[in-house]
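Summary of the model geometry
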Amino acid sequence: MLAGAWPWKMLTARGRILVPADGWYEWKPLADGPKPAKQPYYIHAADDAPLFFAGLSNWRPDAEKDEAHGFAIVTNDAAGGMIDVHDRRPVALPPDLAIHWMDPEFPTAQALALLEHGLPETAFTWHPVRQEVGNSKYELPDAIQPVAPIPKD
């Protein structure tokens with residue numbers, strides 16, 4: 001969301017949120033073609049610290065709980081070795097900057113500038129995980145455990 005048009009600009013002044021996470025999944029195609037097999041990867045902080053994803057929401061306490069009042073995680077281009085897994089990634093802010101992102105009194109222009117200071121790719125590590133993580137009903141503890149990668153075609 002950092003590059004190009006900013007469709008959520010109206011929310012940057014009053015809709016900044018944090019989405020806490022331990023990590024996230026990305027799927028890497030194993031071959032070219034219309035429907036290649038994909039290897040899921042679990043990406044997390046190298047030091048296993050909690051992550052704070054910058055997000056935007058239009059939800060208010062008196063608002064309906066529907067898709068118009070959901071949230072979006074701010075993303076940016078991946079870089080370094082992470083580009084081999086996926087071309088985008090969430091913007092994860094370090095705790096000292098995350099607190100400013102959440103502060104409604106923090107000036108919007110400065111808050112947007114914080115997005116350029118998210119954790120670098122070197123702060124993360126990733127490994128292949130089970131195919132079952134693609135099913136939203138799969139919630140077993142082994143969902144983040146490393147597995148041998150699927151062989152390429």
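Residues numbered from 1 in each chain as written. Predicted model: local features only at pLDDT ≥ 70, side-chain atom pairs only at ≥ 80, totals over all residues. Heavy atoms only, no water.

With respect to the pairing of strand E3 (residues 38-45)
Of all eight residues in E3, seven are buried, a share of seventy percent or more. In this structure, E3 lies alongside strand E8 (residues 124-128), joined through five bridges in antiparallel fashion. Note on E8: the bridge partner recorded for Tyr41 is Pro128. (Buried < 20%, exposed > 50% of the residue type's maximum accessible area, 1.4 Å probe, protein only. Helix = DSSP H or I, 4+ residues; strand = E, 2+ residues; numbered from the N terminus. Pairing = 2+ DSSP bridges.)

Some details on the pattern of salt bridges
What the rule picks out here adds up to four salt bridges. Note that Asp142 is salt-bridged to Arg130, the shortest N-O span being 3.5 Å. Of this pair, Asp142 sits in the segment after E8 while Arg130 is found in the segment after E8, placing the two residues twelve residues apart along the sequence. Take Asp142: its relative accessible area is 24%, and that puts it in the partly exposed class. The class for Arg130 is partly exposed, based on a relative accessible area of 28%. Each of Arg130, Glu132 and Asp142 takes part in one network of salt bridges that share partners. (Salt bridge = Lys/Arg side-chain N within 4 Å of Asp/Glu carboxyl O.)

Focus: the confidence of the model for the protein
Per-residue pLDDT for the protein has a mean of 89; in total, 92% of the residues score no lower than 70. Note that residues 1-5 has pLDDT below 50 and, in this model, 14 contacts with residues that lie over four places away or in other chains. (pLDDT = per-residue confidence, 0-100. Contact = heavy atoms within 4.5 Å.)

Quick notes on unusual backbone geometry
Glycine aside, the phi torsion of most residues is negative, and most peptide linkages are trans. One non-glycine residue, Asp48, adopts positive backbone phi at about 60°. Among the structural elements, Asp48 can be located in the loop between E3 and strand E4 (51-57). The exposure class of Asp48 is exposed, given its relative accessible area of 58%.

Brief notes about the sheet that holds strand E2 (residues 23-29)
Pairing is antiparallel across the open sheet formed by three strands, whose spatial order is E2-E3-E8. In this open sheet, the two edge strands, each paired with only one partner strand, are E2 and E8. In this sheet, neighbouring strand axes are inclined to one another by 30° on average, regardless of whether the strands run parallel or antiparallel. (Axes fitted to C-alpha atoms, helices over the stretch in contact; angles between N-to-C directions.)

A few points about the side chain of His127
Mapped onto the elements of the fold, His127 is located in strand E8. Relative accessible area serves as the criterion here: at 16%, His127 is assigned to the buried category. In this structure the side chain of His127 is engaged in a polar contact, spanning 2.7 Å, whose partner is the backbone oxygen of Ile144. Apart from residues no more than four positions distant in its own chain, His127 is found in contact with Pro40, Tyr41, Tyr42, His44, Ile144, Gln145 and Pro146. (Polar contact = N/O pair within 3.5 Å; in protein donor to acceptor, adjacent residues only side chain to side chain.)

Observations concerning the pairing of E4
Judged by how many residues are buried, E4 sits mostly within the fold: six of seven residues are covered. One ladder, built from six bridges, connects strand E1 (residues 16-21) with E4; its direction is antiparallel. Following the sheet pairing, Val19 is matched in E4 by Phe53. Here three bridges tie E4 to strand E5 (residues 71-73), and the two strands are oriented antiparallel to one another. Paired with Leu56 across the strands is Ala72, a residue of E5.

Observations concerning the packing of aromatic side chains
One pass over the structure, following the stated rule, counts four aromatic pairs. Centre to centre, the rings of Trp24 and Phe53 are 5.7 Å apart; their planes meet at 80°, and the pair counts as edge-to-face. Residue Trp24 is found in strand E2, and its partner Phe53 is found in strand E4; the two are separated by 29 residues along the sequence. An identical accessibility class is assigned to Trp24 and Phe53; each is buried. The interplanar angle of 80° and the centroid separation of 5.4 Å between the aromatic rings of Trp24 and Phe124 together place this pair among those described as edge-to-face. Of this pair, Trp24 sits in strand E2 while Phe124 sits in strand E8, and the two are 100 residues apart along the sequence. Accessibility assignment for this pair places Trp24 and Phe124 in one class, buried. An aromatic cluster of at least three residues, connected via ring pairs, comprises Trp24, Phe53 and Phe124. Positioned above the aromatic ring of Trp101 is the side chain of Arg16, whose terminal nitrogen or guanidinium carbon lies 5.7 Å from the ring centre. (Phe/Tyr/Trp six-rings, centres within 6.5 Å; stacked < 30°, edge-to-face > 60°. Lys NZ or Arg CZ within 6 Å of the ring centre and 35° of its normal.)

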